[in-house]
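Chains, contacts and geometry: an overview
Read off the chains here:
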Amino acid sequence: MTPTITAFEASPDRGRGLARDMRVRWALEEIGQPYDVRLVTFESMKQPAHKALQPFGQIPTYEAGDLVLFESGAILLHLGETHPGLLPADPKARARAIAWMFAALNTVEPPIFDRSLATILERDKPWFEERVAGLDKLIRLRLADLSAALGERDWIAGDFTAADILMVTTLRRLAGTGLLEEHPNLAPYVARAEARPAYQRAFDDQAAVFEASQG
Ligand code: GTB
């Protein structure tokens, strides 16, 4: 059965792969699972039909038969638990990789996402510079600890796992800030992940959607 995911019909990131359907596309490409995409507009995302799938009226969603999932992390966890290639088979190694999935979503992503939101929505506020400086301080703290944890390794939890998909899609939001480059191993970590054929297929597919939306 071919699963269906949802994505923006015209992503506000203009095809840069920053919306969270990118994580799900990338994971599906890693496991070699073909999928369909249903494109949604900002208006249709808030209608009851979409909210029945995603209670907060957001993308992405994942539908496979009678299973409907929302939350990109939960979708990746499900794919990792049901297909080889995204989580280690060994139970303890798997638990450690899942801990890193949560770390990406709960510890690293929040200040990075808040920084992106602030730069989009609060740039004209008198307290904008102070807000970004505060967020940068917290982001630097997180990146320093992440850099130390990654060390010389290629991937955050042993072999490549869903934790790398979540961590790298989070770190990519810092492109252009210079924050990643403050650590010698973080920009190469992102570049290594972006070089994966599965990443590139996912990126190209979401970029093509944005191109098509521009007529
Ligand atoms: N926790 C949920 C998950 O991980 O699935 C969060 C899902 C989410 O935030 N979805 C966003 C959404 O649907 C799109 S990805 N927003 C519409 C809404 O809430 O009304 C977030 C996003 C949006 C825009 C950019 N961008 O322009 O760069 C990047 C990321």
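Residues numbered from 1 in each chain as written. Predicted model: local features only at pLDDT ≥ 70, side-chain atom pairs only at ≥ 80, totals over all residues. Heavy atoms only, no water.

1. Digging into the domain arrangement of the protein chain
In terms of domains, the protein chain is made up of domain 1 (4–85 + 198–213) and domain 2 (91–196). On a C-alpha basis, the centres of domain 1 and domain 2 stand 21 Å from each other. Listed as interface residues are 19 residues of domain 1 and, on the opposing side, 20 residues of domain 2. Overall, the association of domain 1 and domain 2 removes approximately 1700 Å² of surface from exposure, summing both partners, and the carbon and sulfur fraction of that is 58%. Linking domain 1 to domain 2 there are 3 salt bridges. Between Glu 109 and Arg 20 there is a salt bridge whose closest N-O contact spans 3.3 Å. (Domains from an automatic or database assignment. Contact = heavy atoms within 4.5 Å. Buried area = accessible area lost by both parts, 1.4 Å probe. Salt bridge = Lys/Arg side-chain N within 4 Å of Asp/Glu carboxyl O.)

2. Quick look at the sheet that holds strand 4 (residues 67–70)
Within the open sheet, the 4 strands sit side by side as 2-1-3-4. Their pairing is mixed. Across the chains shown, the open sheet's two edge strands, defined by having one partner strand only, are strand 2 (36–40) and strand 4. The sheet shows a mean angle of 25 degrees between the axes of neighbouring strands, taken without regard to direction. Sheet topology places strand 3 (residues 61–64) next to strand 4; 4 bridges connect them, and they run antiparallel. Looking at strand 4, one finds that Ala 64 is bridged to Leu 67. Of the strands in this sheet, strand 1 (4–8), strand 2 and strand 3 are in contact with helix 1 (residues 21–30), which crosses strand 1 at around 145 degrees. (Pairing = 2+ DSSP bridges. Helix = DSSP H or I, 4+ residues; strand = E, 2+ residues; numbered from the N terminus. Axes fitted to C-alpha atoms, helices over the stretch in contact; angles between N-to-C directions.)

3. So, the environment of Phe 70
Locating Phe 70 in the fold gives a position in strand 4. A residue is classified by how much of its surface remains accessible, and Phe 70, at 28% relative accessible area, is partly exposed. Sequence-wise, Phe 70 and Ile 59 are 11 residues apart; in three dimensions their C-alpha atoms are separated by 7.8 Å. (Buried < 20%, exposed > 50% of the residue type's maximum accessible area, 1.4 Å probe, protein only.)

4. Notes on the pattern of salt bridges
A complete count under the given rule lists 11 salt bridges for this structure. Measuring nitrogen to oxygen at the nearest pair gives 2.8 Å for the salt bridge that ties Glu 30 to Arg 196. Residue Glu 30 is found in helix 1, and its partner Arg 196 is found in the loop between helix 8 (186–194) and helix 9 (197–213); the two are separated by 166 residues along the sequence. The class of Arg 196 is partly exposed, set by a relative accessible area of 22%. Through salt bridges that share partners, Arg 20, Arg 23 and Glu 109 make up one connected network.

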